[in-house]
Amino acid sequence: MNGSGQVQLSGSVNEVWEALLDPAVLAQCMPGCEELEHTGEHRYRARLVVGVAAVKGSYSATMELVDVQPYQSYRLRIHGEGGPGFVDAEGLVQLQCTAEGTALHYTYTADVGGKVAAVGQRMLGGVAKLLVGDFFRRLQKAVDRQVQANRSAHLPAGG
Amino acid sequence: MGYLGQPLARLEDARLTSGQGRFIDDLRPLPNLHHAAILRSPYAHARIRSIRCDQALALPGVRAVVTGADAARWLKPFPVGVKVAAPYYPIAVDKVRYAGEPVAVVVADSRYTAEDALASIVVEYEPLPVVVDPELALSPEAPRLHEGLDSNLVHQRTFSYGDAARAFTEADVVIRHRFTFPKVHATPLETYGVIAHYQSSEDTYTVWSNFHGPFTLHSVMAAALQVPGNRLRVLVPQDVGGSYGNKSGVYPYMVLMAVVSRLAKVPVKWVEDRQEHLLASSTGTDRVTWIEAGFRRDGTLTGLRMRYIDNVGAYLRAPEPACLYRMHAALTGPYRVRDVEVEALAVVTNKCPTGLIRGYGGPQHCFPLERVMQMAAQELGLDAAEVVRRNLIRACEFPYTTPSGGVYDSGDYEQALARALERIDYAGWRQRQAEARAAGRYLGIGLACVVEPSGSNMGYIALAQTPAERERGLPKSGCAEAASVTVDPTGSVCVRFSTVPTGQGHETVAAQVVADALGIAPAAVRVITGMDSWTQPWTVASGSYSSRFAPIGANAVYRAAHQVREKLLQMAAHALGVPADALELRGGYAQVREQPDRRVSLQRLAGMAHWHPAGLPAGMEPGVSATAFFNLPTAQAPAADDTVNGSVTYGFVADAVLVEVDPETGRVQVLDYVTVHDAGRLLNPLLAEGQIRGGLACGLGQALYEELVYDATGQLLTGSFMDYLCPTSAELPPVQLDHIESPSPLTPLGAKGLGEGNVMSAPAALANAVADALEPLHVVIDKLPLTPAAVWQAIQAAKQRQPVEERVG
């Protein structure tokens, strides 16, 4: 399974980049994320609860950011395992400055195995799109909050 | 007139339709029954680095967790018919080789607890490269499944009969083509179920299961458990919810649960769920066939060459590689060709292991053979029906010995084909097809003529060994089935036999046989089905497979019933003071022929045998009971020249089918289907019709819908009925049935099997019909199933092959 897409985020490249690398923001944005632990530079361990068709279950996942080009791009590798099977995914995220803010372009490939493949494969593409869309919607909110916070912080005290 | 041959309604149905059937899941044979759930590998090929069970074991209600390493301490690998260093255990020991392979078993006080505990077992896998395609698996670069082997090729033999080289030089046209047959499932309504109990005081395993044989597998299980046969008691409940061969493959789970019971020290019950069943029970063999067929200009088939590559999945497990040899005696089908060569290969890949499935080996064999008959007609500019007819074995040639050793016992193939052509109005449709083409519609007519072997000779499996290897071992032959008929002190009759029915209606036919023999009503006969390997007669060949009830099992019942009949007649002759041959059994009495007032009731005769042995003729044993073992002397071991009579009877099926194909969508619509069977004497036409319609539904599924699809990483993508499409009654086309009865001269009842023929014929007939419909578009049909997407792609591929100017036009 693979996919790609582009989202337009309001916020500078810097703001988006900071949000993407902030474990607290990631934990908020990742659908079904019940725990996220920062285990090293660009490394995370997470517990995710995700449902694909009738196959709902908990996955323990490791995530790693590689080829990190600050404020430009990174590769994300995810390996998740759980009762319903496993997921091996790799994505490429690239940021670009635009007039409206930041354009984020992504591509991903994923292999799944076990029950989730045998029963859910018909739904997988749709579910993946849904999860990715959900992630970016939440990310936008997080970036908005960040931008708001930054602007408040820079207001002159006492006016 | 007797009851045999009458369309008697099934005696089984009263209990089945009123919810009183007794299936494996209904059984609670022991107290303290615990429940098992199986952890299965999500990887198709991986090394198991570690399994951590501590969290699962700590859960309330969990009794034990058993891993492959635990189980292997009490097991030897299952034996298999050919020597190959690819040990097969019922649970992965250090490596998994297919997605769904058992890795651990949890035993708990309820199924819920056991299922939940699976998630607490932590398995560390090291994924390995995967191969699922049998031809790719043969390449030297392919990932190797078994460390003990140099390659994934686990079996290879070549056979030559007559002089194929000469036959091909005599041919005017040679058709060469590669065909692929998909991996399919039998999908019975009821899944696998096992209850196992190890009794340490007797060192005995007792296993209840919906297993139906072949009982060759009892020896295989006993060998794996390392016990003598009498310490493995196998019990099968009265009712089994369908199998179509599939449930012979429950045997690894019977052994697994037996060992799990031993380790957990409690009786264990496991009932498979549907997802497990589709993923990891037992499936059909996907096959690649390279076929070469030589024809003279007039359509005469001169010679055949075939190369089979069978994909047996991750392990070569018994009875494989028998799929390669089930049709060996009928390699040349219904045709008179004498010169034939075959190369048979079996390959392991990272797919679910294979086993018996309705038509075992037949659909794979008939699809390429029947396709080349039609392709030859097209190539030679002849009518397809004429090419088939020209090559059919003539009625006067029976019994007919095939080049590979099959002895076709009886038949009238030409008449059956003529009947099929007439019933479908072949000539009329050829005319209408031409008109439809002119109007831009694509109608097609497909034919298939297949020989349907029934009643397997155990000897055919030994073809997997070379003549020299066979020479060293005990020869294998025979097809024996056992039956007992007993009259109790009240004069009522019980029948017991070893065919282990799975829903076919054996009880009804057995009652008809006994009723006719003893002059009583079928409803008065109590037929006891199921199996208890400790208390009833059975043989290594026993079981429900290879359509062996009609040609063998029913005859065992017949023999036992006639031994009882003889004894009753002797007793009656003594009581009435007349010779036995003056007597007949009718209406519950032994009576003097044409003097019905001189009679004695069966009740009185039985009473005498039980209550008053002193009144019996001198030397006669008390009791009225007979056990017969029925075998046919034509079931011989393979000869040194590799000929074998693989089955004892051979029926015939001629199918003619009419389809319309929509070239825009690729949809195939079946407009009419005619199937004519010559299966010898029909024992019960109602049951025969049910078997034929069921077989046709299976064949239609394989032709149009069904395939177990795996991705390149070995993941099964059709793991539910959302994606694995079985035809339902709504998909069945109108079907016209007809029969010709050429009784088998070999058996008292003269009947042959008929439930597997349409699984062999329908995929070929439908493929021929679709190819015929799309002939103006030069579409090649060489793989199944013919889903709309597959047909559409074949049409696009044909367009790509056409010269550009034609396409522009």
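Q: How would you sum up the pattern of salt bridges? Please name residues and give values.
A: Residues and elements named next belong to chain B. Evaluated as defined, the whole model comprises 53 salt bridges over all chains. With a shortest N-O distance of 3.1 Å, E386 and R389 are connected by a salt bridge. Placement of the pair is E386 and R389 together in helix α11 (residues 384-391), with a separation of three residues, close to one helical turn. Each of D298, E386, R389, R390 and E414 takes part in a single network of salt bridges with overlapping partners.

Q: Can you tell me about empty space enclosed by the protein, naming the residues and giving the values?
A: Using the criterion set out here, one finds six cavities of 30 Å³ or more in the structure. For the largest cavity, the lining is made up of 37 residues, of which A:L76, A:I78, A:A89, A:L131 and A:V132 are closest to its centre. Of all the elements in the fold, those that place two or more residues in the lining of the largest cavity are β3 (43-52), β4 (55-69), β5 (73-82), β6 (85-98), β7 (101-113) and α3 (115-154) of chain A. Each pocket or cavity is described by its volume, and for the second largest cavity that value is around 70 Å³. Every element with two or more residues in the lining of the second largest cavity is listed here: α10 (362-380), α11, α13 (426-438) and β18 (442-456) of chain B. Partitioned by chemical class, the residues of the lining of the second largest cavity number seven nonpolar, three polar and two charged.

Q: Give a detailed account of the interface of chain B and chain A, specifying residues and quantitative values.
A: Facing 13 residues of chain B, the contacting portion of chain A comprises 15 residues. Remark: the boundary between chain B and chain A carries zero salt bridges. Joining chain B to chain A, the criterion identifies four residue pairs in polar contact (both at pLDDT 80 or more). Among the residues forming the side of chain B that touches chain A, the class breakdown is six nonpolar, six polar and one charged.

Q: With reference to specific residues and values, describe unusual backbone geometry.
A: Residue B:P321 is reached from B:E320 by a cis peptide bond, and omega for that bond is 10 degrees. Looking along the chain, the bond that leaves B:F398 and enters B:P399 is cis, with omega of -5 degrees. Inspection of the secondary structure assignment puts B:P399 in the loop between α11 and β16 (400-401). For A:D67, which is not a glycine, the phi torsion comes out positive at approximately 50 degrees. The phi torsion at B:S547 lies on the positive side, around 45 degrees, for a residue other than glycine. Here B:S547 shows up in the loop between β22 (531-532) and α16 (549-576). For B:S547, a relative accessible area of 18% gives the class buried.

Q: Go over the sheet that holds strand β4 (residues 95-96) of chain B with me, naming the residues and quoting the values.
A: Residue and element names in this part refer to chain B. Strand order in this open sheet of three strands is β4-β2-β6, and the pairing throughout is antiparallel. Where the open sheet ends on each side, the last strands, each with one partner, are β4 and β6 (122-127). The sheet contact formed by strand β2 (residues 46-52) and β6 spans six bridges and is antiparallel. Paired with R52 across the two strands is V122, which belongs to β6.

Q: So what about the layout of surface pockets? Which residues, and what values?
A: Looking at the second largest pocket, its volume works out to about 1,300 Å³. As for the second largest pocket, its lining consists of 45 residues, and the residues nearest its centre are A:G82, A:G83, A:P84, A:G85 and B:A119. Considering each element in turn, the lining of the second largest pocket owes the most residues, eight residues, to β4(A). The class makeup of the residues in the lining of the second largest pocket is 20 nonpolar, 15 polar and 10 charged.

Q: Before we move on, can you summarise the environment of B:V670 with the specific residues and values?
A: Residues and elements named next belong to chain B. Assignment of secondary structure puts V670 in strand β28 (residues 668-678). For V670, a relative accessible area of 14% translates into the label buried. Taking C-alpha positions, V670 is 9.9 Å from L443, a pair spaced 227 residues apart along the chain.

Q: For the packing of aromatic side chains, give the residues involved together with the corresponding values.
A: Residue and element names in this part refer to chain B. Using the criterion set out here, one finds 23 aromatic pairs over all chains in the structure. Relative to Y251, the ring of F78 has its centre 5.3 Å away and its plane inclined at 85 degrees; by these criteria the two rings are edge-to-face. With a gap of 173 residues between them, F78 in the loop between α3 (68-72) and β4 and Y251 in helix α8 (residues 251-264) connect regions that are remote in the sequence. Judged on exposure class, the residue F78 and its partner Y251 are both buried. On the numbers, 5.8 Å between centres and 45 degrees between planes, the contact of F497 with F549 is tilted. Here the residue F497 occupies a position in strand β20 (residues 493-497), and F549 occupies one in helix α16, the gap between them amounting to 52 residues. No difference in accessibility class separates F497 from F549, as the two residues are buried. Lying over the aromatic face of Y308, R287 brings its terminal NZ or CZ to 4.1 Å of the ring centre. Just above the ring of Y589 sits the side chain of R599; from NZ or CZ to the centre is 3.6 Å.

Q: Explain the environment of B:T283 to me, and be specific about the residues and the numbers.
A: All names here are of chain B. Residue placement: T283 occurs in the loop between α9 (274-280) and β13 (286-295). Judged by its relative accessible area of 0%, T283 is buried. When the C-alpha atoms of T283 and Q536 are compared, they prove to be 30 Å apart, with 253 residues separating the residues in sequence. In this structure T283 touches K183, V184, H185, C352, P353, T354, G355 and L708, once residues within four positions along its chain are discounted. Only 2.8 Å separates the side chain of T283 from the side chain of K183, close enough to count as a polar contact.

Q: How would you summarise the sheet that holds β18(B) if you had to cite specific residues and measurements?
A: Residues and elements named next belong to chain B. Strand order in the open sheet formed by four strands is β18-β27-β28-β29, and the pairing between neighbours is mixed. Two strands bound the open sheet, and with one partner strand each, they are β18 and β29 (735-740). Each strand of the sheet is rotated relative to its neighbour by a mean of 20 degrees, with strand direction disregarded. Pairing of strand β27 (residues 647-661) with β28 involves 10 bridges; the strand directions are antiparallel. Opposite E660, over in β28, you have Q669 as the bridge partner. Along the sheet, α13 makes contact with β18 and β27, crossing β18 at roughly 140 degrees.

Q: Before we move on, can you summarise the nonpolar core with the specific residues and values?
A: All names here are of chain B. One finds M257 and V659 to be the most contacted residues of the largest nonpolar core, which totals 188 residues. Residues contacting V659, with those up to four places away along its chain left out, are Y442, L443, G444, V668, Q669, V670, L671, L766, A769, V770 and A773. Membership of the second largest hydrophobic core comes to 56 residues, among which are A510, A561, A580 and M608.

The rules behind the values
Residues numbered from 1 in each chain as written. Chains lettered and ligands numbered in written order. Predicted model: local features only at pLDDT ≥ 70, side-chain atom pairs only at ≥ 80, totals over all residues. Heavy atoms only, no water. Salt bridge = Lys/Arg side-chain N within 4 Å of Asp/Glu carboxyl O. Helix = DSSP H or I, 4+ residues; strand = E, 2+ residues; numbered from the N terminus. 1 Å grid on protein atoms, 1.4 Å probe; cavity = no way out; pocket = protein on both sides within 12 Å on 5 of 7 lines; lining within 4 Å. Points joined across faces, edges and corners; volume = space filled by probe spheres on them. Nonpolar A, V, L, I, M, F, W, Y, C, P; charged D, E, K, R; others polar. Contact = heavy atoms within 4.5 Å. Polar contact = N/O pair within 3.5 Å; in protein donor to acceptor, adjacent residues only side chain to side chain. Buried < 20%, exposed > 50% of the residue type's maximum accessible area, 1.4 Å probe, protein only. Pairing = 2+ DSSP bridges. Phe/Tyr/Trp six-rings, centres within 6.5 Å; stacked < 30°, edge-to-face > 60°. Lys NZ or Arg CZ within 6 Å of the ring centre and 35° of its normal. Axes fitted to C-alpha atoms, helices over the stretch in contact; angles between N-to-C directions. Core = buried A, V, L, I, M, F, W, Y, C linked by side-chain atoms within 4.5 Å.

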